[in-house]
Amino acid sequence: MLKFIVRRAVWTIPVILLVILLTFTMMKQIKGNPFQVTERAVPVSIQRNLDRKYHLDRPWYVQYAYYVKGVFTFDLGPSLVERNQTVNDKIKENFPNSLKLGFFAMTWAVLVGVPLGLLSALKQNSITDYLTMAFVNSGSAIPNFLVSTLLIYFFAVRWRSTFHLPTNGIESWKSWILPAIALGHAPMTIFARIVRGSVLETVQQDYIRTAKAKGLRWRRVVGLHVLRNSLIPAVTAAAPLLGFLITGSFIVEFIFGIPGIGRYYVQSVNNRDYAVTMGLTVLLSAIIIVANMVVDILYGFLDPRTRDQRT
């Protein structure tokens, strides 16, 4: 297992380099300059000094080399738009909020989606199964901005006197409830469908029939054999879903007024702030890479048969 972890860590280096190159290339295709926006127009002489300071007057491959050096020394550079602000400063300021929101949303998705999928599979072709899957399938078709709007309407307008849940900013722990539900709604439906399909396949296996034939209680069979083996596909989906929850929370952050990294990321693209855009892209890509690595490690614990194949 240790050899596999080291090998995967080494392979992240070329992946990160490729991500930087693709992001760098796409940013170069955007017309304009971070210093030539109308409200921040600067004289030509100052423009030349700024280009020289931030290496914008150098060939693209030189700029790319400078940036790669900064990434591997954990220096993502200064913001080209906001004075006296670096990319590291903006990450420290905004990223914790997105990380908390993503964690709460993932917790909601797992705690609700996995039991729903398990219940639906164990009650296959029953009214419980039909109602559960109707809820899951209809929920997967609703975008998170509509879920956010409905949550605000019901919990902040119609039932405000009962629940007292904030809908703007971060005032207390209650401020995270509605955004986490809105953001974790879609992953919750994905977990439910994955677990249901996996459980239906697992209960048909020979070792499940053998356990039942030995007289083991059905609850013990489900908890010890069915659920453990059925969680492997859910763990596989957890890594990209976690990346989605942390990086794709812009709409939810905007609706609920949460100062997260998603909203700032879009602003940096609109402002052509190359350093911030690339810095956040590298950070979010690293999160997904690490999440996938964690998934591979969890494989070894959930299914020991995969441990020898991956070491």
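Residues numbered from 1 in each chain as written. Predicted model: local features only at pLDDT ≥ 70, side-chain atom pairs only at ≥ 80, totals over all residues. Heavy atoms only, no water.

**Q** Would you mind showing me how to read the side chain of S175 here?
**A** Along the polypeptide, S175 turns up in the loop between α7 (160-163) and α8 (177-202). Taking the relative accessible area as the measure of exposure, S175 reaches 3% and is therefore buried. (Helix = DSSP H or I, 4+ residues; strand = E, 2+ residues; numbered from the N terminus. Buried < 20%, exposed > 50% of the residue type's maximum accessible area, 1.4 Å probe, protein only.)

**Q** Is there a simple way to think about the side chain of S148 in this case?
**A** Assignment of secondary structure puts S148 in helix α6 (residues 144-158). Setting aside residues no more than four positions away along its own chain, S148 makes contact with A182, V252, I255 and F256. (Contact = heavy atoms within 4.5 Å.)

**Q** Explain a nonpolar patch on the surface here, please?
**A** A contiguous nonpolar patch, built from F145, L146, L150 and I251 and spanning about 320 Å² of accessible area, is present on the exposed surface. Element by element, the count of residues in the nonpolar patch is highest for α6, at three residues. (Patch = residues over 30% accessible without salt bridge, like charges linked within 9 Å, V, L, I, M, F, W, Y side chains within 5 Å. Areas by Shrake-Rupley, 256 points an atom, 1.4 Å probe, with all protein chains shown as cover. Salt bridge = Lys/Arg side-chain N within 4 Å of Asp/Glu carboxyl O.)

**Q** I keep staring at the packing of aromatic side chains and nothing clicks. Help me out?
**A** Each aromatic ring pair is described using two quantities: the centre-to-centre distance and the angle formed by the ring planes. Using the criterion set out here, one finds five aromatic pairs in the structure. Consider the rings of F154 and W159, whose centres lie 5.2 Å apart with planes at 40°: the pair is tilted. According to the relative accessible area criterion, F154 is partly exposed, its value standing at 28%. Given a relative accessible area of 37%, W159 falls into the partly exposed group. Within the aromatic cluster, the residues linked to one another by ring pairs are Y153, F154, F155 and W159. (Phe/Tyr/Trp six-rings, centres within 6.5 Å; stacked < 30°, edge-to-face > 60°.)

**Q** Would you mind going over the pattern of salt bridges with me for this structure?
**A** Side-chain pairing between opposite charges can occur once the charged atoms of the two side chains come close. In the structure shown here, the tally under the stated rule is two salt bridges. Here E93 and K90 are joined by a salt bridge, their closest N and O atoms 3.4 Å apart. Note that E93 and K90 are positioned in helix α4 (residues 87-122) at a spacing of three residues, about one turn of the helix. For K90, a relative accessible area of 7% puts it in the buried group. When the shortest N-O distance is used, the salt bridge between R196 and D129 registers 2.9 Å.

**Q** Sorry if this is basic, but what is going on with the packing of helix α5 (residues 127-140) against α8 here?
**A** Helix-helix packing is described using two parameters, namely the angle between the two axes and the distance between the axes. For the pair α5 and α8, interaxial distance at closest approach is 8 Å and the crossing angle is 140°. Viewed along their axes, α5 and α8 adopt a mutual orientation that is oblique. The way α5 lies across α8 gives a crossing that is left-handed. Along the contact surface, α5 presents D129, M133, F135, V136, N137, G139 and S140, while α8 presents H185, M188, T189, A192, R193 and R196. (Axes fitted to C-alpha atoms, helices over the stretch in contact; angles between N-to-C directions. Parallel < 35°, antiparallel > 145°, perpendicular 65-115°, else oblique. Left-handed = near helix turned anticlockwise from the far one by under 90°.)

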